[in-house]
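# Notes for the structure review
Residues per chain, in single letters:
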Amino acid sequence: MLYAIFGRDVADSLPRRRETRPAHLERLKLLQAEGRLFAAGPLPAIDSPDPGPAGFVGSLIVAEFASLEAARAWADADPYLAAGVYKSVEVHPYIKVLP
């Protein structure tokens, strides 16, 4: 099943994001290589594809996992969480309807 993972950033997370991004992306690339990644990306703090110093308010990842528990375990091991980029993480089952 697909699961939506919402990571919500702490204030002024941009320096930590930049530092931790390579490790965060490596985990996402593994999901992609396994054919389990549906979508992933940051949520800009302003209405712009390049928010500059405004940074980001969080991230959204939609990926396939065997169970809600497996999705939560994967999310709990995210380098962004360990580095203090995320202040919280929510995991929810996701059903793709369209397109």
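Summary of the structure given here. Because the structure is predicted, anything quoted here is derived from the model rather than measured. (Residues numbered from 1 in each chain as written. Predicted model: local features only at pLDDT ≥ 70, side-chain atom pairs only at ≥ 80, totals over all residues. Heavy atoms only, no water.)

### Some remarks on the pairing of strand E1 (residues 2–9)
For the record, the criterion: Note on classification: 1.4 Å probe, protein chains only; a residue is buried when its accessible area is under 20% of the maximum for its type, exposed when over 50%, partly exposed between these limits. Helix and strand definitions follow DSSP, with helices as H or I runs of at least four residues and strands as E runs of at least two, each counted in order from the N terminus. At least two DSSP bridges between two strands are needed for those strands to be called paired.
E1 sits mainly inside the fold: six of its eight residues count as buried. The pairing of E1 with strand E3 (residues 56–64) spans seven bridges and is antiparallel. Paired with Ile5 across the two strands is Ile61, which belongs to E3.

### Points about the environment of Ser88
Quick note on the threshold: What makes two residues a contact is simply this: any of their non-hydrogen atoms within 4.5 Å.
Within the element layout of this structure, Ser88 appears in strand E4 (residues 86–94). The exposure class of Ser88 is partly exposed, given its relative accessible area of 28%. Between the C-alpha atoms of Ser88 and Leu25, which are 63 residues apart in sequence, the distance is 19 Å. The contact partners of Ser88, leaving out residues within four places of it in the chain, are Phe6, Gly7 and Arg8.

### As for the packing of aromatic side chains
Worth spelling out the cut-off: Pairing of aromatic rings covers Phe, Tyr and Trp, the last through its six-membered ring, and needs centres within 6.5 Å; plane angles under 30 degrees mean stacked, over 60 mean edge-to-face, and all others mean tilted. A ring is considered to have a charge above it if a Lys NZ or an Arg CZ atom is located within 6 Å of its centre and within 35 degrees of its normal.
Following the criterion strictly, the structure yields four aromatic pairs and no others. Judged by centre distance (5.5 Å) and plane angle (90°), the ring pair of Tyr80 and Tyr86 falls under edge-to-face. Relative accessible area serves as the criterion here: at 6%, Tyr86 is assigned to the buried category. Aromatic ring contacts, followed pair by pair, group Tyr3, Phe65 and Trp74 into a single cluster. Here the guanidinium or amino end of Arg27 rests over the ring plane of Trp74, the centre of that ring lying 4.0 Å away.

None of this, on its own, says anything about what the molecule does.
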